[in-house]
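Summary of the model geometry
Okay, here's what each chain looks like letter by letter:
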Amino acid sequence: MMQLLTANDPEPVEWVNQTSTFPILLLCEHAGQAIPKALGDLGLPVGAINRHIGWDIGAEALARGIAARLSAPLIIQRYSRLVIDCNRPPHSREAVPNISDGISIPQNVELSESDRLARVRSIFDPMEEALRDGFASHPRHAAFSIHSYTPQMSGGQHRPWQAGFLARADDHTSQIMIDYIATQEPDLVLGRNEPYQLDDASDWFIPAHAEARRLAHALIEVRNDALLKRAGVELWADLLAGAMTKVMENMQ
């Protein structure tokens, strides 16, 4: 199996507020757009890594903003979802995509099993270890995954929501958050299980960690065009930190 990461590559995981005892654990799986130097540019067209296919635009800044407001622990994953998508079951076909929103990823086509496993062990597994540590180190009562999404897919699909809250076993938490945000910003269009729905075959953190531990949870998706400027990030960090606080208050 090839040695994927070297000393010249960024660490796959960054902790924020690692020692915090706050009862919420935050995760941002698609924060980064790094590619291991051994993989070059994955054969991508120029600029493609900067598009929504390469990372969740604005999600890292948003997650950091929420963590700062709550003094909550946050795990940030640094590598592009095109190297390995850390919100997919690691052995699924979608974990290492051949194509994303119409863009081919040449170095992912006909990937050998050993090369695929190198990506899992070097990037996915350290995130899993951080999650296990984060849940084991202090009691956590809720877990939230922070994402962003494009309002317009290349095939013409329009997504009218400003944010979506995804869950299966825990609709209650999403509804508390939606209700809180609606009182603060009544003109926002908020969706439940939008812009897509969770599934065991295509999602990881919620089924494997939040549901498995029976924690209050939601996978949170914010439109990426709302996160392009600091003012938008600050607004959504305020809204989501307030909504998470409301969730905790409802547990008392």
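Residues numbered from 1 in each chain as written. Predicted model: local features only at pLDDT ≥ 70, side-chain atom pairs only at ≥ 80, totals over all residues. Heavy atoms only, no water.

Comments concerning the overall build of the chain
Along the chain, the regular secondary structure elements total five helices and nine strands. In terms of overall dimensions, the chain is globule-like: its C-alpha atoms have a radius of gyration of 17 Å, near the 18 Å expected for 252 residues. Along the first, second and third principal axes, the C-alpha set of the chain runs to 50 × 45 × 30 Å. Relative to all contacts within the chain whose residues are 6 or more apart in sequence, the contacts with residues 24 or more apart total 81%. Accessible area of the chain: about 11100 Å², with a carbon and sulfur share of 49%. Averaging the positions of the 22 positive and the 32 negative side-chain charges in the chain gives two centres separated by 1 Å. (Helix = DSSP H or I, 4+ residues; strand = E, 2+ residues; numbered from the N terminus. Rg over C-alpha atoms; globule rule 2.2 N^0.38 Å. Contact = heavy atoms within 4.5 Å. Areas by Shrake-Rupley, 256 points an atom, 1.4 Å probe, with all protein chains shown as cover. Lys, Arg positive; Asp, Glu negative; His and termini not counted. Charge placed at Lys NZ, Arg CZ, Asp CG, Glu CD.)

Quick look at helix α1 (residues 59-70)
The terminal C-alpha atoms of α1 lie 17 Å apart, and with 12 residues this matches the ideal 16 Å at 1.5 Å per residue to within 8%. Taken as a whole, α1 has its buried residues at Ala59, Glu60, Leu62, Ala63, Gly65, Ile66, Ala67 and Leu70. Looking at the buried side of α1, the elements it contacts are β1 (13-16), β2 (24-28), β3 (74-77), β6 (142-149), β9 (216-223) and α5 (230-251). (Expected span 1.5 Å × (residues − 1). Buried < 20%, exposed > 50% of the residue type's maximum accessible area, 1.4 Å probe, protein only.)

Examining the sheet that holds strand β7 (residues 163-166)
Ordered by their spatial adjacency, seven strands build an open sheet running β1-β3-β2-β6-β9-β7-β8, and the pairing between neighbours is mixed. Bordering the open sheet on either side are β1 and β8 (190-192), each of which pairs with just one other strand. In this sheet, neighbouring strand axes are inclined to one another by 20 degrees on average, regardless of whether the strands run parallel or antiparallel. For β7 and β9, the ladder comprises four bridges, and the chain directions are antiparallel. From the neighbouring strand, Gly164 faces β9, where its bridge partner is Glu221. (Pairing = 2+ DSSP bridges. Axes fitted to C-alpha atoms, helices over the stretch in contact; angles between N-to-C directions.)

A few points about the pairing of β2
On a regular strand, one side chain projects to one face of the sheet and the next to the other, so that they alternate. Judged by how many residues are buried, β2 sits mostly within the fold: five of five residues are covered. Residues of β2 alternate between two faces, with Ile24, Leu26 and Cys28 on one and Leu25 and Leu27 on the opposite face, all of them buried. Bridging between β2 and β3 involves three bridges; their strand directions are parallel. Bridging across to β3, Cys28 finds its partner in Ile76. Crossover β2 to β3 through α1 is right-handed. (Right-handed = clockwise from strand over helix to strand, strands pointing away.)

Some thoughts on the packing of α1 against α5
For the pair α1 and α5, interaxial distance at closest approach is 8 Å and the crossing angle is 50 degrees. By the angle between their axes, α1 is oblique relative to α5. Viewed along their axes, α1 and α5 form a crossing whose handedness is right-handed. Within the contact between the two elements, α1 uses Ala61, Leu62, Gly65, Ile66, Arg69 and Leu70 and α5 uses Val233, Glu234, Trp236, Ala237, Asp238, Leu240, Ala241, Met244 and Thr245. When grouped by side-chain class, the residues that make up the contact of α1 with α5 number 10 nonpolar, two polar and three charged. (Parallel < 35°, antiparallel > 145°, perpendicular 65-115°, else oblique. Left-handed = near helix turned anticlockwise from the far one by under 90°. Nonpolar A, V, L, I, M, F, W, Y, C, P; charged D, E, K, R; others polar.)

Thoughts on the side chain of Asp170
Turning to its location among the elements, Asp170 is positioned in the loop between β7 and α3 (171-184). At 2.5 Å, the side chain of Asp170 forms a polar contact with the side chain of Thr173. A distance of 2.9 Å separates a polar atom in the side chain of Asp170 from the backbone nitrogen of His217. The residues contacting Asp170, other than those within four sequence positions of it, are Leu215, Ala216 and His217. (Polar contact = N/O pair within 3.5 Å; in protein donor to acceptor, adjacent residues only side chain to side chain.)

Focus on the environment of Ile99
By the secondary structure assignment, Ile99 is in strand β4 (residues 99-100). On the basis of relative accessible area, Ile99 is assigned to the exposed category, the value being 53%. Sequence-wise, Ile99 and Leu131 are 32 residues apart; in three dimensions their C-alpha atoms are separated by 28 Å. For Ile99, the contacting residues outside a window of four places in its chain are Ser104 and Ile105.

Observations concerning the pattern of salt bridges
The full count for this structure, using the stated rule, is 18 salt bridges. Measuring nitrogen to oxygen at the nearest pair gives 2.6 Å for the salt bridge that ties Arg81 to Asp56. Residue Arg81 is found in the loop between β3 and β4, and its partner Asp56 is found in the loop between β2 and α1; the two are separated by 25 residues along the sequence. In terms of burial, Arg81 and Asp56 fall into one category: buried. Where Glu211 meets Arg168, a salt bridge forms, and the shortest distance between an N and an O atom there is 2.7 Å. Placement of Glu211 in helix α4 (residues 205-211) and of Arg168 in the loop between β7 and α3 is noted, with a sequence separation of 43 residues between them. (Salt bridge = Lys/Arg side-chain N within 4 Å of Asp/Glu carboxyl O.)

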